[in-house]
Amino acid sequence: MHENSLNEILNGEKAQQLKAEMNSGLGSANCQYCYDIEATGNESKRTLNLKKYSLPKNADETIIKYLDIRFSNQCNFACRTCMPSASTSWYQDATILSRGKFIDPGVVKPTKVDQELFDQLDQHVHTLEEVYFAGGEPLQESNHYEFLDKLLEKERTDIRLLYTTNFSSLRFKTKKVTDYWNQFKTVNVNLSLDDFGIRGEYIRKGLKYKTFVENLKTLRKESPHVKVSIATAVSLLNVFSLPDFLLHLSEELQFKSNQVTLDFVFDPDLYSIRVLPAALKDQLKAKYQTAVIPENFRYHLDKVISYLDLEDHSFLWNKFISYTKALDQIRSESILDFIPDYKEAFSEKK
Ligand code: SF4
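Residues numbered from 1 in each chain as written. Predicted model: local features only at pLDDT ≥ 70, side-chain atom pairs only at ≥ 80, totals over all residues.

A word on the overall build of the protein
And step 1. Looking only at helices and strands, the protein has 15 helices and 10 strands in total.
And step 2. What you see for the protein is a C-alpha radius of gyration of 21 Å, in line with the 20 Å of a compact globule of 350 residues.
And step 3. Put simply, 75% of the contacts in the protein that link residues at least 6 apart link residues at least 24 apart. (Helix = DSSP H or I, 4+ residues; strand = E, 2+ residues; numbered from the N terminus. Rg over C-alpha atoms; globule rule 2.2 N^0.38 Å. Contact = placed C-beta atoms within 7 Å.)

Structure follows, in structure tokens:
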């Protein structure tokens, strides 16, 4: 949107090509991640959304029913599986890791001037059914609150709000997000959490697990109509502890199995669970087979195994090791304090 307006993009060549590919039934290479999930017999975002939204009567018509908006890459976390394009807190480590090649681009936003974005979105508010806020960290972004103020001004409290948040705070300056959420009829909040306790804090730098749990209690008390779920990015960093984590979500945080969603990290590619060497894959499968978790959570583990077996990316294993060691050194941490399963691999000289 730095070069073209939203309407130009919606009616532009690339959008037309995408529509043609989908209408022809051949599909698009851009949707490969969803096709991979569907190949494991599971629902993808694509199939879920196809059920949720009716197609426009006129195939040439372009209306926005669902808006996925990221106001900036401003974020107070630097999760290991994230990157500078999605989090400003990654800039420092990225500069060291790249030996100065990474140049701080400042806060990245969709348009040069915020007002431009609001003016362009304004024309589409009347057709919106659902807005998805992600980031950066949406709850720590002033434009997110400004946009909600605009929806309230237009009395569009019927629009469904959907979030993915690191849930580090329910407050931003003078704003309290539950005061907003309590005015909207439908609010769904995906809390990003990849593990609990100190292991979770290792994966998601910036996470204070105790605060996360306190915020969850506050939300459940102050905004009981808000539907909360856990969004877990499955990677090499949590795949071995996943059974313990699922047990914790069920028993300690009182989540039901259908309130937990697993997504597979594929970018950065070196964190994908498909990178595991064969011996560790076998070790993981054996661990899952004997794992003690509630029976209705077990399908999550089956999904992991199906995804794991679809392709082999173990050629990236050494890259994962050297990258992790480098980041551990910068952050004064050690993966072996959290994932003993990798002891042998990380102890070998590379
Ligand atoms: S909270 Fe989200 S945007 Fe921020 S670093 Fe973590 S994954 Fe990236």
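What about the environment of Asp-328?
And step 1. Looking at where Asp-328 falls in the secondary structure, it is placed in helix α14 (residues 317–331).
And step 2. Overall, Asp-328 belongs to the partly exposed group, with 17 C-beta atoms counted inside 10 Å.
And step 3. With 126 residues separating them in the primary sequence, Asp-328 and Tyr-202 have C-alpha atoms 9.6 Å apart.
And step 4. Non-local contacts of Asp-328, meaning those with residues more than four positions away in its chain, are made with Glu-333, Ser-334 and Ile-335. (Buried ≥ 20, exposed ≤ 12 C-beta atoms within 10 Å, placed from the backbone.)

Regarding helix α13 (residues 298–310)
And step 1. Here α13 contains 13 residues, and its C-alpha end-to-end distance of 19 Å stays within 8% of the 18 Å for a straight helix at 1.5 Å per residue.
And step 2. When α13 is considered as a whole, its buried residues turn out to be His-300, Leu-301, Val-304, Tyr-307 and Leu-308. One side of α13 carries all its buried residues, which in axial view fall inside an arc of 120°. Exposed residues lying more than 90 degrees from the buried face of α13 are Tyr-299 and Asp-309.
And step 3. Against β9 (227–234), α11 (242–251), β10 (260–264) and α12 (278–290) lie the buried residues of α13. (Expected span 1.5 Å × (residues − 1). Arc of directions from axis to C-beta.)

Digging into the pairing of strand β4 (residues 160–165)
And step 1. Note: strand β3 (residues 130–133) against β4, 4 bridges, orientation parallel. Among the inter-strand pairings, Glu-130 is bridged to a residue of β4, identified as Arg-160.
And step 2. Handedness of the crossover joining β3 and β4 through helix α7 (residues 142–153) is recorded here as right-handed.
And step 3. By the bridge criterion, 5 bridges tie β4 to strand β7 (residues 187–192) in an arrangement that is parallel. Residue pairing for β7: Thr-164 is matched across the bridge by Asn-190. (Pairing = 2+ DSSP bridges. Right-handed = clockwise from strand over helix to strand, strands pointing away.)

Examining the site of the ligand
And step 1. Taken together, 13 residues sit near the ligand, with Cys-75, Cys-79, Cys-82, Ser-87 and Asn-166 positioned nearest.
And step 2. Looking at the shell around the ligand, its residues break down into 6 nonpolar, 5 polar and 2 charged. (Near = placed C-beta within 6 Å. Nonpolar A, V, L, I, M, F, W, Y, C, P; charged D, E, K, R; others polar.)

A look at the sheet that holds β7
And step 1. Strand order in the open sheet formed by 6 strands is β1-β3-β4-β7-β9-β10, with parallel pairing between adjacent strands. Two strands lie at the open edges of the sheet, namely β1 (66–69) and β10, each paired on one side alone. Strand after strand, the sheet turns through a mean of 20° between neighbouring axes, direction not considered.
And step 2. As paired elements, β9 and β10 share 5 bridges and run parallel to each other. Pairing of Ala-231 across the sheet is with Thr-261, part of β10. (Axes fitted to C-alpha atoms, helices over the stretch in contact; angles between N-to-C directions.)

Keep in mind these values describe shape, not function.
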